[in-house]
Each structure stands twice: as structure tokens, then as C-alpha cells.
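# A structural walkthrough
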Amino acid sequence: MVSVASISQQIWDMKYRLKGPDGNPIDRTIEDSWRRVATALADPEAQAEKAAWAERFYEAMASTGHQANRGSSDATAVGGAGACDVAAMPPHGPSSRGRLSHALPV
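So, how was this worked out
- All residue numbers refer to position in the chain's written sequence, counted from 1.
- Residue-level local features of this predicted model are given only where pLDDT is at least 70; pairs of side-chain atoms are given and counted only at 80 or more, and the full residue set underlies all totals for whole chains, interfaces and linings.
- Water and hydrogen atoms were dropped before computing side-chain values, which therefore reflect all heavy atoms in the structure.
- Secondary structure elements are taken from DSSP: a helix is a run of H or I of four residues or more, a strand is a run of E of two residues or more, and numbering for both begins at the N terminus.
- Expected span of a helix, by definition, is 1.5 Å for each gap between consecutive residues, and there is one gap fewer than residues.
- Relative accessible area decides the class of each residue, using a 1.4 Å probe on protein chains only: under 20% of the type maximum gives buried, over 50% gives exposed, and in between gives partly exposed.
- Pairing of aromatic rings covers Phe, Tyr and the six-membered ring of Trp, with a centre-to-centre limit of 6.5 Å; geometry is then stacked below 30 degrees between planes, edge-to-face above 60, and tilted otherwise.
- Among buried residues, those of type Ala, Val, Leu, Ile, Met, Phe, Trp, Tyr and Cys that are joined through side-chain atoms within 4.5 Å constitute a nonpolar core.
- Here a polar contact is recorded for every N or O atom pair within 3.5 Å, except that within protein the pair must consist of a potential hydrogen donor and a potential acceptor, and residues adjacent in sequence are included only if both atoms are side-chain atoms.
- Two residues form a contact once any of their heavy atoms are found within 4.5 Å.
- For every element, the axis is a line fit to its C-alpha atoms; helices are fit only across the contacting stretch, and the angle between N-to-C directions ranges from 0 to 180 degrees.
- Angles below 35 degrees are treated as roughly parallel, those above 145 as roughly antiparallel, those between 65 and 115 as roughly perpendicular, and all remaining angles as oblique.
- A clockwise turn of the near helix away from the far one marks a right-handed crossing, whereas an anticlockwise turn of less than a right angle marks a left-handed crossing.
- For every residue, the predictor states its confidence as a pLDDT score lying anywhere from 0 to 100.

The next point concerns helix α2 (residues 30–42). In a regular helix each residue adds 1.5 Å, so 13 residues correspond to 18 Å; α2 covers 18 Å between its end C-alpha atoms and thus fits that length. Across the 13 residues of α2, 10 count as buried, placing the element largely inside the fold. Listed in full, the buried residues belonging to α2 are I30, E31, S33, W34, R36, V37, A38, A40, L41 and A42.

This is the structure:
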């Protein structure tokens, strides 16, 4: 499990951690949130490449200490990755591949 400041943990829990309708957490850890968002980001990729891209997106978030934002938490909670594009990044075409390419190993 990644080590984060106590205040970061509290903010993640209050604002960004995916919880069910009953308020119980679905994401047990920040890594669970990263995995959920990475999977949603990889969804537009070809079926044969989804798992590999999900892992690359996850590693990019984990290696940069990605902090969740409103788009990250809302995006997969409503079943799509579109809302994840909240950061200012140059367009890279229809693939999600470019979204975190600056952090992905070549």
C-alpha cells in the first residue's frame, strides 16, 4: 500500500473513494481507486490490449503518485472513462493511449 499523508488519506476517503449507495467503501485503498480508473481508461482500447493498457495506466498513476480528482471518482462510478479527462493534456486521437503517455515507459 502506498504511503500518503494523513490529510491526503482523509480527503481521498471523504471526496474520491468510491462508496456504495449505503456509504460503505467499495475502494478499500487508494490503489483500488487507481486500478478502477486505469481499467476505465483502458476500456476504449482493442479487447486484446485492454488488460495491458490498464496495467500501464495503473503503473503510471502509481509511479507519479496520482491524486484522485472529481473526474476520476465520478468517471467510473457512472460507468465511463470520459469524465477522467479533467487535466489539461494535448489531444492524442481517439485512443486513451495518449492520456498518460508522458508517464508511461516507452
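Scanning all chains against the criterion turns up 2 aromatic pairs. Judged by centre distance (6.3 Å) and plane angle (65°), the ring pair of W34 and Y58 falls under edge-to-face. Remark: Y58 occurs in helix α3 (residues 50–64) and W34 occurs in helix α2; sequence separation between them is 24 residues. Residue Y58 is classed as buried on the basis of its relative accessible area, which comes to 12%.

Turning our eyes to something else, we now look at the nonpolar core. Core analysis: the largest hydrophobic core is formed by 13 residues, its most contacted members being W34, A38, A42, F57 and M61. Among the elements of the structure, α1 (6–16), α2 and α3 are those that each provide at least two residues to this core. Among the elements that make up this core, the one with the highest residue count is α2 (6 residues).

Here D27 is to be found in the loop between α1 and α2. In this structure the side chain of D27 is engaged in a polar contact, spanning 2.7 Å, whose partner is the side chain of S33. In this structure D27 touches W12, R17, L18, D32, S33 and R36, once residues within four positions along its chain are discounted.

This paragraph deals with the packing of α2 against α3. Remark: α2 packs on α3, axes separated minimally by 8 Å, with the N-to-C direction vectors making an angle of 135°. Taken together, α2 and α3 sit at an angle that is classed as oblique. Of the two elements, α2 crosses α3, and the hand of that crossing is right-handed. On α3, the residues touching E31, W34, R35, V37, A38, T39, L41 and A42 of α2 are K50, W53, A54, E55, F57, Y58, M61 and A62.

On to the confidence of the model for the chain. For the chain, per-residue confidence averages 74 on the pLDDT scale, and residues scoring 70 or more make up 59% of the total. Within the chain, α2 carries the highest mean pLDDT (93), whereas helix α4 (residues 70–77) carries the lowest (50).

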